[in-house]
Amino acid sequence: MKAQRLLTYYLRSKAFYYLFAILLIAAGNVIQAYYPKVLGQFTDRLKSGSITIPDIERYGLILLVIGLLYGSMAGLGQYVIMRLGRGFELLTRGSLFRHFTSLSESYYSKHGVGQMLSYVMNDVTSVRESISVCLNHTTNASILILSAVVMMLTSSIPPFLIVTCVAPLLFIPWLVVRFGPQIRQRSMTVQNSLGAMTEAAEEQFGGIRVTKKFAVERIMITRFGAKVDDIKANQLQLVRISSVFQALLPFLGTLSLIVTIAYGGFLTMRGSISMGSFVSLTLYVRLMINPLQQIGNVINTMQRSRASLERIGKLLATEGDIQEQKEAAPLLQHSADIHIRSLSFRYPGSGRDALLGINLTIPDGKTVGIIGKTGSGKTTLVKLLLRIYDAPAGTIYIGGREIRTVTLESLRGDIAYVPQDGFLFSTTLRDNIAFSQRDASLAAVEAASKEAHIYDSIMGFKEGFGTKLGERGVTLSGGQRQRTSLARGLIKDAPILILDDSVSAVDAVTETAIIGNIRRLRKKKTTLIIAHRISALKHADEIIVLDEGRIAQRGTHSKLLLEEGIYRELYRLQEGGAKNASAT
Ligand SMILES: Nc1ncnc2c1ncn2[C@@H]1O[C@H](COP(=O)(O)OP(=O)(O)OP(=O)(O)O)[C@@H](O)[C@H]1O
């Protein structure tokens, strides 16, 4: 599993530091295990009446040194382990992010942003905590228990007494086998419900404006409340089983202590062992109760983190649907003509074809317009051109090359795609426009903004192109956002430009001006204009009318106006609307 490999790789690469930390903690605990011995000797001296004031000072000093050494060594060891844990967190988050960027749109359409955040936040934190807590507590506990056992065995306490006293602890492995898988299973359920809650939260926050406009806050609160209740129920189940498990381990320790006091006390009364041995034995057994609690903690945490590791592993094993061929070469730019041959496409899991039998040629340097009712397959065609989804083999060619045989970077680099609602990042307007051309000069950014008719709006902001968007910046209107996104596409000056309803949110006058600019700029460059308004594409060399995934009509604007069909009907409706509007 990839996640486990990531963990093993990290632990191996930092093995030296981990070893150093473990040694420090171990040494601290070995030193701490001396204190019952010191107290036992002190008790015997006290009881025999041979103790002097300098002896008391000496014993006090020894205990102080034990405390200081233990505190500093174990503390430093813990610090190193915690630091390394943070390093793992960083590495895993980076790997997950890189992996997310390699996944295809079909993954994102099925998994919400919230769920992805949950992997990056909850699961990674859970694994990080487990590394730190497990190493820390395991070292602490095992060394302390081992030291206690060794010290007991090397003391004057009879071995049969030691074995009897620690016998209840032999049930620990049984408890681990009994409870471990259940804790892991329930942790998995909790992590899944946490993911669902983060996803719901992300969706609710994203849609908060719509919620408010429709005054359905109560419904949204109820829906979100249901997710929270789900987590609560799952977490309570986990807490219940974890608590029982964690309580049983120290309970076994308490049983040991009871046996020690009863049996050890009996032997002391009979004079079989000294009072000092009895005190030491009691302290040793008591010393083991805390480590036992820690072991319980470790096992709990480990089971939880195994659940998270499994989730991360599954995610890392998911591969993007769109894979680049090993022998893929860059798209040659001799010619930017597009050929589509008998293309039919159906989305994975969908019951109907989004495109059916499409044959289309866009000669190099020509402009083609695509119009059609909503849902007729216009955007699907673009997604296939960009390989957001894979079209069947042998159906799409650019510059004479089947698009599956070219590198994704060159394919997407040679196409400037301007969607209807291009996402703008929370950064400056300049950075948003120069998104794919990071080194573009301010003059180039300004020129693209002028072509997209957004320049004046930007200059109206106090900080011009340095204006920040998003949470701490300005909020653009729908039309301003669209034109900023258009400027981002135009600055790319790519061999192929695709406008997907990219001027739908601007007024008719601005649209005419923008289309005029695009015609001038793209005179000898391949351009695909998708629009609902005929005015945006009537100048195209060829216009395709899509209807339910098929090409219903094709031709120039004037030819299509002469034909009976969807185009003429649309023209009649749109022109009629425009005339009515101008008449009123
Ligand atoms: N990811 C998807 N999974 C399944 N079906 C999809 C997916 N995306 C689109 N579709 C379906 O494919 C068909 C064509 O959608 P497409 O987005 O291409 O239409 P469109 O012509 O661009 O519409 P609009 O003008 O509204 O943007 C529709 O029936 C739509 O429901």
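Residues numbered from 1 in each chain as written. Predicted model: local features only at pLDDT ≥ 70, side-chain atom pairs only at ≥ 80, totals over all residues. Heavy atoms only, no water.

A. Up close: the sheet that holds strand β4 (residues 396-398). Spatial ordering of the open sheet is given by β2-β1-β4-β5, a layout of four strands whose pairing is antiparallel. The sheet is open, and its two borders are formed by β2 (355-362) and β5 (401-402), each paired with just one other strand. Docked against the sheet, helix α12 (residues 378-385) engages β1 (338-345), β2 and β4, running at close to 115° with respect to β1. (Pairing = 2+ DSSP bridges. Helix = DSSP H or I, 4+ residues; strand = E, 2+ residues; numbered from the N terminus. Contact = heavy atoms within 4.5 Å. Axes fitted to C-alpha atoms, helices over the stretch in contact; angles between N-to-C directions.)

B. The arrangement of the sheet that holds strand β10 (residues 550-555) in detail. If you walk across this open sheet you meet the six strands as β6-β7-β8-β3-β9-β10, and the pairing is mixed. If you trace the sheet from one side to the other, it starts and ends with β6 (415-418) and β10, each paired once. Along the sheet, successive strands turn relative to each other by an average axial angle of 15°, direction set aside. Strand contacts of helix α17 (residues 478-491): β6 and β7 (496-500), with the helix running at about 175° to β6, the strand carrying the most contacts.

C. Region of the structure containing the side chain of Thr301. When you line up the elements, Thr301 lands in helix α11 (residues 275-317). Residues within four places of Thr301 in sequence aside, it is in contact with Glu129, Ser130 and Val133.

D. Representation of the domain arrangement of the chain. Splitting the chain by domain gives domain 1 (1-157 + 294-319), domain 2 (158-272) and domain 3 (338-582). Centre-to-centre separation of domain 2 and domain 3, based on C-alpha positions: 55 Å. (Domains from an automatic or database assignment.)

E. Highlighting the site of the ligand. Around the ligand lies a shell of 13 residues, among which Thr374, Gly375, Lys378, Thr379 and Thr380 are the nearest. Between the ligand and Thr380, the relevant distance is 2.4 Å, taken from an oxygen atom to a side-chain nitrogen or oxygen of the residue. In the model, a nitrogen atom of the ligand is placed 3.3 Å from a nitrogen or oxygen of the Tyr389 side chain. When the free accessible area of the ligand is taken as 630 Å², the share hidden by the protein chains comes to 66%. (Near = heavy atom within 4 Å. Polar contact = N/O pair within 3.5 Å; in protein donor to acceptor, adjacent residues only side chain to side chain. Areas by Shrake-Rupley, 256 points an atom, 1.4 Å probe, with all protein chains shown as cover.)

F. Expanded view of unusual backbone geometry. The phi dihedral of Asp493 falls on the positive side, at around 45°, and the residue is not glycine. Relative to the elements of secondary structure, Asp493 occurs in the loop between α17 and β7.

G. Main features of the packing of aromatic side chains. Inspection of the entire model under this criterion finds 12 aromatic pairs. Between Phe179 and Phe245 the ring centres are 5.6 Å apart and the planes differ by 40°, which places this aromatic pair in the tilted class. Of this pair, Phe179 sits in helix α8 (residues 172-206) while Phe245 sits in helix α10 (residues 217-269), and the two are 66 residues apart along the sequence. Taking the centre distance of 5.0 Å and the plane angle of 80° together, the rings of Phe423 and Phe425 count as edge-to-face. (Phe/Tyr/Trp six-rings, centres within 6.5 Å; stacked < 30°, edge-to-face > 60°.)

H. Highlighting the environment of Gln294. With respect to the helices, strands and loops of the structure, Gln294 is situated in helix α11. In this structure Gln294 comes out as partly exposed when scored by relative accessible area, which is 22%. When the C-alpha positions of Gln294 and Ile362 are compared, they lie 70 Å apart, and in sequence the two are 68 residues distant. With residues near it in sequence (within four places) discarded, Gln294 still touches His137, Asn140 and Ala141. (Buried < 20%, exposed > 50% of the residue type's maximum accessible area, 1.4 Å probe, protein only.)

I. Broad picture of the confidence of the model for the chain. On average, residues of the chain score 87 in pLDDT, and 97% of them are at 70 or above. Across the interfaces of the predicted complex, the ipTM metric reaches 0.97, alongside a pTM of 0.73. (pLDDT = per-residue confidence, 0-100.)

J. Main features of the packing of helix α2 (residues 15-32) against helix α6 (residues 113-153). α6 packs onto α2 with a crossing angle of 35° between their chain directions and a minimal axis gap of 8 Å. Here the hand of the crossing between α2 and α6 comes out right-handed. Facing α2, whose interface residues are Tyr18, Ile22, Ile25, Ala26, Asn29, Val30 and Gln32, α6 presents Ile131, Leu135, Asn136, Thr139, Asn140, Ile143, Leu144 and Ser147. Here the contact of α2 with α6 is composed, by residue class, of nine nonpolar, six polar and no charged. (Left-handed = near helix turned anticlockwise from the far one by under 90°. Nonpolar A, V, L, I, M, F, W, Y, C, P; charged D, E, K, R; others polar.)

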